[in-house]
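# Coordinate analysis (summary)
Residue-level listing of the chains:
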Amino acid sequence: MAKQAKCVSFSTTSPKSILSSLSSSTSFSQSPINQTFSLSMVEETLDSTEPIIKKWDPNTKTISLFRHSRKQAKEFIICVRDLRRAMHFLVSQHSQSPNLVLTHSLMEIAMSRLEKEFFMILSSNLDQLDPESVSGHSSISSYSEFEYVMQSDDEMEKASESIAEVEKASALVMYDLKVIAETMISCGYGKECIKSYKMIRKSICKISLFNRTVWSVLEPMIKNWIKAAKIGVTTLFKGEKLLCDHVFSSSTTIRDSCFYEIANESGLNLFSLPELVVNKEKKPPPERIFKLMDLYAAISELRPEIELIFNFDSVASVKTLAISSLKKLKNSIHTCLTEFELKIQKDSSKALTPGGGIHRLTRTTMSFISSLSGYSRVLSEILAEHAIKRNTRFLESYFTAPILEDEHINHHATSVHIAWLILVLLCKLDIKAESYKDVSLSYLFLVNNIRLVVDTVRSTHHLRNLLGDDWLTKHEAKLRSYTTNYENAAWAKVYQTVPVRTSTTLSPDQAKTHFKRFHVAFEEAYMKQSSCVILDAKLRDEFKVSIARKLVPEYKEFYQKYLPMLREEINIEMLVRFKPDNLENYLSDLFHGTPMLSDSSSSASSSSMCISLGCG
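Going by an unreviewed UniProt entry, the protein chain carries the name Exocyst subunit Exo70 family protein and comes from Brassica campestris. The protein chain has a UniProt comment under Function (unreviewed entry) that states "Component of the exocyst complex." Heading Sequence similarities (unreviewed entry) of the UniProt record for the protein chain holds this comment: "Belongs to the EXO70 family."

Here you go:
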């Protein structure tokens, strides 16, 4: 049992000199240590190493040796190095010895175990082997790897007292890898070790480079990538393929092999960016949809060439990556559309827009939808395959998609979806309008915001085509309805104070009463409405003209008819405060969001209104 406790060392030299011997590229037969060997020592070595190596046969033991026990891992490494010496001794001095077969068998088991450990350590310690963590090491680097392995865990703790906790964990992993790598290489199994390392670390480099790149940096990269991809696929890869096919037309194997060596890695590198962009976030914010659609459109356009160029097995991974990127981009775009709709529905801003003006949600939503309409081809492909859930019956009663003449694309799904997004916005605006205590402000808010929606659709070519003239007609009618409702709510009381034209003449007292009522009603309405906002200049003038047409002529007639009757009244200026001309000036100051009540008004605005009214 004592023999199985640990492996035998073949020399009384220090661990450092043993490491020097193991690491040397000099053959074992030339080493001075070789002279100390004998067949009996080989027997002793096999007796001590066999149980330990077989105990960790990867076919029977699936747990990680290095994770299970660092002490046993150190014993295993020493056993492998002793076994290597014994094997070299037998090969050089006793090549016919039956022990050579056992030695070789044990070495195969040991290398299989170390290869597995190497892969497990690499793949399960990505955080500890992060490039930033690795680049920060300096304190432990002076220790030789064999000294590190030979030390106990307590000695290791002392050696790393000056190192930060994160660096300690990283250092242990790094030196475990280094010891395994040196052991495998010295035993002639470097190729297996290097293969695992390249496979895992190459993917880590890709992930690190792009995951650390913020979107503000990725965005211009995408624009440049689209240009590079078009040149790469349609010119470079296509040209190389044609040349290989021509020069090596007599041998398919050579032809394909040459093109693989020339184009495979570059092709994979090229299409790694779209893949990494879509993998960056599971739920990308809606505003990123446009760059994602740019990528999707570019790869879709190049897909026929890609499938033609990378059409054989050894380079098929490039085609697979490109098609995989398309599918993932499609899913990401679909997610962005869903998230955008939810963003409208969940908008929780409670602050009322001052003066019933245009809400931020309306501006951002219509700007987004306007831009979205320019990607009808991409959206039609995506929505045709992945329809977004919605209240179909309600939508059908609200919107009928126009028939667009396009032999290549069916735009119906895009038309319906954009109409739905605008409907979701309008419903949200209805809810927000209810927050105003003043009914007239609620209607003015709806007028302002729906006017922006209608103007955006009318002025955006793609959007107007997708929604159609019927949609515009319906919403312009709705806008007129809200305009009438606003006017009635805001100015009806003022209109009612002016007597209806009749053949009956009012008495002076009745006339005074009407003047007083008019002054109170007009002043109240004016002060309230002058704080309101209509940003669209044309709409603002339309409102002013509409109010003035209903109010000024009637008041002017009443004023001219009954003012002479009251000339003998004391303080006639207080009784009749508004002259018809002043009234026009006051109305011209409305809807700028600045309350004012004074006799000084813009003469230019007044003159313009008089021309519109046809009054003198």
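Now that the structure is up, let's keep going.
The subject of this paragraph is the environment of Ala419. Within the fold, Ala419 resides in helix α20 (residues 412-433). A relative accessible area of 0% places Ala419 in the buried class. Counting along the chain gives 52 residues from Ala419 to Trp471, while the straight-line C-alpha distance between them is 8.8 Å. Once residues within four sequence positions are removed from consideration, Ala419 is found in contact with Tyr398, Phe399 and Leu467.

With respect to the helices and strands, the residue Ser380 is situated in helix α18 (residues 376-385). Note: C-alpha distance between Ser380 and Ser415 (35 residues apart in sequence) is 8.9 Å. Here the side chain of Ser380 touches Ser376 through a polar contact of 2.7 Å, landing on its backbone oxygen.

Relative orientation of the contacting elements helix α13 (residues 252-270) and helix α14 (residues 272-279) amounts to 30 degrees, with a least axis distance of 4 Å. Taken together, the axes of α13 and α14 lie roughly parallel to each other. Residues Leu268, Asn269 and Leu270 of α13 pack against Ser272, Leu273 and Pro274 of α14.

Ring pairs (aromatic) are described by centroid distance and by the angle formed between their planes. Considering all chains together, one arrives at 25 aromatic pairs under this definition. Seen from their ring centres, Phe290 and Tyr375 are 5.8 Å apart, and the 40 degrees between their planes marks the pair as tilted. With Phe290 in helix α15 (residues 289-309) and Tyr375 in the loop between α17 (360-372) and α18, the pair connects residues that are 85 residues apart, well separated along the chain. In terms of burial, Phe290 and Tyr375 fall into one category: buried. Site record: aromatic cluster; members linked through ring pairs are Trp491, Phe515, Phe518, Phe522, Tyr526, Tyr555, Phe558, Tyr559, Tyr562, Phe578 and Tyr586. Over the face of the ring belonging to Trp56 we find Lys61, whose NZ or CZ atom lies 5.1 Å from the ring centre.

We note that Phe591 has phi near 70 degrees; this positive angle belongs to a residue other than glycine. Tracing the backbone through its elements, the reader meets Phe591 in the loop between α26 (580-588) and α27 (603-613).

Under the 1.5 Å per step criterion, the end-to-end length of α20 is 31 Å for 22 residues, consistent within 8% with the ideal 32 Å. Of all 22 residues in α20, 17 are buried; the element is thus mostly enclosed.

It is worth spelling out the pattern of salt bridges at this point. Applying the stated criterion to the full structure yields 18 salt bridges. Between Arg70 and Asp176 there is a salt bridge, and its shortest N-O distance comes to 2.8 Å. Here the residue Arg70 occupies a position in helix α5 (residues 70-93), and Asp176 occupies one in helix α10 (residues 165-186), the gap between them amounting to 106 residues. With a relative accessible area of 10%, Asp176 lands in the buried category. When the shortest N-O distance is used, the salt bridge between Arg451 and Asp455 registers 3.2 Å. Of the two residues, Arg451 and Asp455 both sit in helix α21 (residues 439-459), 4 residues apart, roughly one turn of that helix. Residues joined in a network through salt bridges with shared partners are Arg451, Asp455, Arg458, Glu476, Asp536 and Glu542.

About the thresholds
Every chain's residues receive numbers from 1 upward, in the order its sequence appears when written. Only residues with pLDDT of at least 70 get local features here, since the model is predicted, and only at 80 or more are side-chain atom pairs given and counted; chain-wide, interface and lining totals rely on the full set of residues. Computation of side-chain values: all heavy atoms of the structure, hydrogens and water removed. UniProt positions are given in the numbering used here, feature names are shortened, and annotations may be inferred rather than shown by experiment. Helix and strand definitions here come from DSSP, where helices need a minimum of 4 consecutive H or I residues and strands a minimum of 2 consecutive E residues; each element is numbered from the N-terminal end. Throughout, exposure labels follow a simple rule: accessible area from a 1.4 Å probe, protein chains only, divided by the maximum for the residue type, with under 20% read as buried, over 50% as exposed, and the rest as partly exposed. For this analysis, residues touch if any pair of their heavy atoms sits within 4.5 Å. By the criterion applied in these results, polar contacts are pairs of N or O atoms within 3.5 Å in which, for protein atoms, one can donate a hydrogen and the other can accept it, and in which residues neighboring in sequence qualify only through two side-chain atoms. Note on definitions: angles span 0 to 180 degrees between N-to-C directions of axes, and those axes are lines fitted to C-alpha atoms, for helices only across the stretch in contact. Any angle between 65 and 115 degrees counts as roughly perpendicular, while under 35 counts as roughly parallel, over 145 as roughly antiparallel, and the rest as oblique. By convention, a stacked pair of Phe, Tyr or Trp rings (six-membered ring in the case of Trp) has centres within 6.5 Å and planes under 30 degrees apart, an edge-to-face pair has planes over 60 apart, and any other such pair is tilted. Throughout this description, the term charge over a ring refers to an Arg CZ or Lys NZ atom that lies within 6 Å of the ring centre and within 35 degrees of the ring normal. Residue count minus one, scaled by 1.5 Å, sets the expected span of a helix. One speaks of a salt bridge when a side-chain nitrogen belonging to Lys or Arg is within 4 Å of a carboxyl oxygen belonging to Asp or Glu.

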